[in-house]
Amino acid sequence: MLSYRHSFHAGNHADVVKHIVEMLIIENLKQKEKGFYYLDTHSGVGRYRLFSEEAEKTAEFREGIARLWERDDLPEEVQRYINMIKKLNYGGKELRYYAGSPLIAAQMLRTQDRGSLTELHPADYPILRNNFKEFHNIMVKRDDGFQQLKATLPPKERRGLVLIDPPYEMKEDYDLVVNAIEEGYKRFATGIYAIWYPVVLRQQTKRMVKGLKDTGIRKILQIELAVRPDSDQRGMTASGMIVINPPWQLEAQMKKILPYLVNVLVPEGTGSWSVNWITPE
Ligand code: SAM
């Protein structure tokens, strides 16, 4: 069952946090001249029109990226992220397009770096492939993203980022993430892994966190932004990124950025943030 389409959600508060974390990790990887590998297991289409029927229907971006768009007090890291989105909007004033995780990466990759994108949806895959046909160091596959950790790790570069961003429309995704991490880590223990997660029912998130903890893997950081307190009603109240082997600056960067993001993205005052080690060094 593949009913999830990211175009309904592009640019929402969860994308903002996810893509800032992604950018910060890639910036860190670029501090070394040596090339790295970027694997995006659940890519979506990579580029979104915010004035499409889908995006306008939910208008989630209005409570996400749109709240940052015209501010002049952005923390420097958030400014760099906004600059990337501005570039995609031809430097224009109007926010019309939003970048998915593959395009954030593609804008940052150097010639010595390599990317691999996977998307399973029969309608989204051809759009993704078309959006990246000009990028010679990026490969696009129609395949199960979870399998890519087995199939492509370790990368020949021996350094890189694996971004895992499933829709979680099937409860199994929570367990599949833990299994994929175990498989990937066995092959590539020095890699950086970034897992996006929603908080819909806190119990499901807790189970996944416990599963990751039980793998015995060290250095797992959890970053979260909530727009509302946990609830047993339908809907996402918070989202976050779990990062294995995070660059050492990431914890401090996110502790600086998140209070700002909570204030600006959740002016209603119901938001909160946290940065915690699931398992320290
Ligand atoms: N990572 C994207 C971004 O940040 O722009 C968003 C990805 S979206 C949350 C999840 C995507 O995974 C959807 O486009 C969906 O079609 C795709 N998908 C679902 N199951 C998959 C699987 N097993 N392998 C690869 N892609 C899958």
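Computed from a predicted structure; not experimentally measured.

1. Section: the overall build of the chain
Scanning the chain from N- to C-terminus turns up nine helices and ten strands. Relative to the globule expectation of 19 Å for 281 residues, the C-alpha radius of gyration of the chain, 17 Å, shows essentially globular dimensions. Projected onto its principal axes, the C-alpha coordinates of the chain cover approximately 45 × 40 × 40 Å. Within the chain, the fraction of its 281 residues that count as buried is 55%. Sequence separation of at least 24 residues holds for 76% of the intrachain contacts in the chain that already meet a minimum separation of 6. Element-wise, carbon and sulfur atoms account for 50% of the exposed surface of the chain, whose accessible area totals about 12,900 Å². Taking the average place of the 40 positive charges on the side chains of the chain and the average place of its 37 negative ones, the gap between the two points comes to 4 Å.

2. Comments concerning the pattern of salt bridges
For the structure shown, the criterion picks out 18 salt bridges. Residues R5 and D124 are paired through a salt bridge, measuring 2.6 Å at the closest nitrogen-oxygen approach. Of this pair, R5 sits in the segment before α1 (13–29) while D124 sits in helix α5 (residues 124–131), and the two are 119 residues apart along the sequence. On the basis of relative accessible area, R5 is assigned to the partly exposed category, the value being 23%. Owing to a relative accessible area of 7%, D124 belongs among the buried residues under this scheme. D214 is the salt-bridge partner of K210, the closest N and O atoms lying 2.7 Å from each other. Of the two residues, K210 and D214 are both situated in helix α8 (residues 202–214); the distance of four residues between them amounts to about one turn of the helix. Accessibility assignment for this pair places K210 and D214 in one class, exposed.

Rules used in this analysis
- Residues numbered from 1 in each chain as written.
- Predicted model: local features only at pLDDT ≥ 70, side-chain atom pairs only at ≥ 80, totals over all residues.
- Heavy atoms only, no water.
- Helix = DSSP H or I, 4+ residues; strand = E, 2+ residues; numbered from the N terminus.
- Rg over C-alpha atoms; globule rule 2.2 N^0.38 Å.
- Buried < 20%, exposed > 50% of the residue type's maximum accessible area, 1.4 Å probe, protein only.
- Contact = heavy atoms within 4.5 Å.
- Areas by Shrake-Rupley, 256 points an atom, 1.4 Å probe, with all protein chains shown as cover.
- Lys, Arg positive; Asp, Glu negative; His and termini not counted.
- Charge placed at Lys NZ, Arg CZ, Asp CG, Glu CD.
- Salt bridge = Lys/Arg side-chain N within 4 Å of Asp/Glu carboxyl O.

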